[in-house]
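Here are the chains, one letter per residue:
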Amino acid sequence: EIDWSNGIVEAIGFAYPPVNPLNPAQARSLTKSEAETQAREHLLDIIRGINVDSKSLVKNYMDQKTFPFTKIRSLIKRAEVVDIAYLDNGSVKAIVSMSLMGPFAQLFLPKNILTIATIRQPQGMNKKGDSYTGLVVDCRGLPLKPALVPVILDEDGHAIYGPPYVSREHAVRTGVVCYARDLAAALKDSRVGPKPLTVKAVKVPKDRESDVVISNADAAKVIGMPSNLNFLRECKVMIVLD
């Protein structure tokens, strides 16, 4: 499964003991190793189906001749074994887990996500009490599919959050957005700080299942205050799904 709230993907592998092993210890060791191998292969299958954005999947990147496939293989090989279960029939169940942040994100984030400097505000503008600390987009009730790089649009189709607004260092470390299934919990999440701006999504654009549209009025609230560009830069954005 993919845990989009924590940016983690997990996979399960099963294996049965070999026929005619030398001894029980060897059977146990070989079965455990095979279960882990199966789990890592399943992990690769799951990863290939992840949406990078509304137009492409991870597999589209991996199928390119120039893709550094050895790097993704290395990440999968290093995926953490989070559980090993020895079953009564001699089989073994293994669960491996890998983060979608860090080195994985570095491989798949679009090249146009660059490092963006903090915007300095003139003195007297955007006093602390008037500034928002993050953005929460309520998308409950909409058929939105999570992705590594979603885009938030206004009703005229202009992007108000996405690659041009995001600093790569933050996107790699924390993800472009964090997904949640509880609005109250999202509003209290440290990612969006003590005073997040909350907006309600209007729709999911046709043929862009991972992007979301908010009203022009809400879009103006997001990008109309210069200080907000800093929390967008730092990826302090959460999307709430059903």
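Above: the structure in question.
Predicted, not measured: the structure shown is a model, and the values here were computed from it.

Visitor: Help me out: how do you make sense of the packing of helix α1 (residues 24-48) against helix α3 (residues 69-77) in this one?
Guide: Each pair of packed helices gets described by two things: the angle between the helix axes and the distance between those axes. Contact geometry of α1 with α3 gives a least axis separation of 10 Å together with a crossing angle of 125 degrees. Considering their axes alone, α1 and α3 lie oblique with respect to each other. Seen from above, α1 lies across α3 with right-handed handedness. Across the interface between the two elements, R40, L43, L44 and I47 of α1 pack against F69, R73, I76 and K77 of α3. A breakdown of the residues in the contact of α1 with α3 according to their chemical character gives 5 nonpolar, no polar and 3 charged.

Visitor: What am I meant to see in the packing of aromatic side chains here?
Guide: Think of a pair of aromatic rings as described by two things: how far the centres are apart, and how the planes are tilted against each other in angle. Scanning the entire structure with this criterion turns up 5 aromatic pairs. Ring plane angle 75 degrees and centroid distance 5.7 Å describe the contact between W4 and Y179, whose orientation is recorded as edge-to-face. Taken together, the positions of W4 in the loop between β1 (2-3) and β2 (8-15) and Y179 in strand β8 (residues 178-180) put the pair 175 residues apart, joining distant regions of the chain. We note that W4, like Y179, is buried.

Visitor: Looking at this model, I keep getting lost on the pattern of salt bridges. Mind explaining?
Guide: Two side chains that carry opposite charge are able to pair once their charged atoms sit near each other. As enumerated under the stated definition, the model contains 9 salt bridges in all. D138 is the partner of R140 in a salt bridge, and the nearest nitrogen-oxygen pair spans 2.8 Å. According to the relative accessible area criterion, R140 is partly exposed, its value standing at 35%. Among the salt bridges present, the one from K236 reaches E234, with a minimum N-O distance of 3.1 Å. Among the charged side chains, a salt-bridge network with shared partners connects E169, R233, E234 and K236.

Basis of the calculations
- Along each chain, residues carry numbers from 1 onward, in the same order as the chain's sequence is written.
- In keeping with the predicted nature of the model, local features appear solely for residues at pLDDT of at least 70, side-chain atom pairs appear and are counted solely at 80 or more, and the whole-chain, interface and lining totals rest on all residues.
- As a rule here, side-chain values come from all non-hydrogen atoms in the structure, and water together with hydrogens is ignored.
- In this description, a line fitted to the C-alpha atoms serves as the axis of each element, helices being fitted only across the stretch in contact, and the angle between N-to-C directions of two axes falls anywhere from 0 to 180 degrees.
- Labels follow the DSSP assignment, with helices taken as runs of H or I lasting at least four residues and strands as runs of E lasting at least two, numbered in each case from the N terminus.
- Here roughly perpendicular refers to angles of 65 to 115 degrees, roughly parallel to angles under 35, roughly antiparallel to angles over 145, and oblique to all remaining angles.
- Crossings are sorted by hand: turned counterclockwise from the far helix by less than a right angle, the near helix makes the crossing left-handed, and turned clockwise it makes it right-handed.
- In this analysis, two residues are considered to be in contact whenever any of their non-hydrogen atoms come within 4.5 Å of each other.
- Gly is placed with the polar residues, together with every amino acid not listed as nonpolar (Ala, Val, Leu, Ile, Met, Phe, Trp, Tyr, Cys and Pro) or charged (Asp, Glu, Lys and Arg).
- Stacked, tilted and edge-to-face pairs are distinguished by plane angle, under 30 degrees for stacked and over 60 for edge-to-face with tilted covering the rest, among Phe, Tyr and Trp rings (Trp via its six-membered ring) whose centres lie within 6.5 Å.
- Burial classes: relative accessible area under 20% of the type maximum marks a residue as buried, over 50% as exposed, and values in between as partly exposed (1.4 Å probe, protein chains only).
- Note on definitions: salt bridges are taken to be side-chain nitrogens of Lys or Arg within 4 Å of carboxyl oxygens of Asp or Glu.

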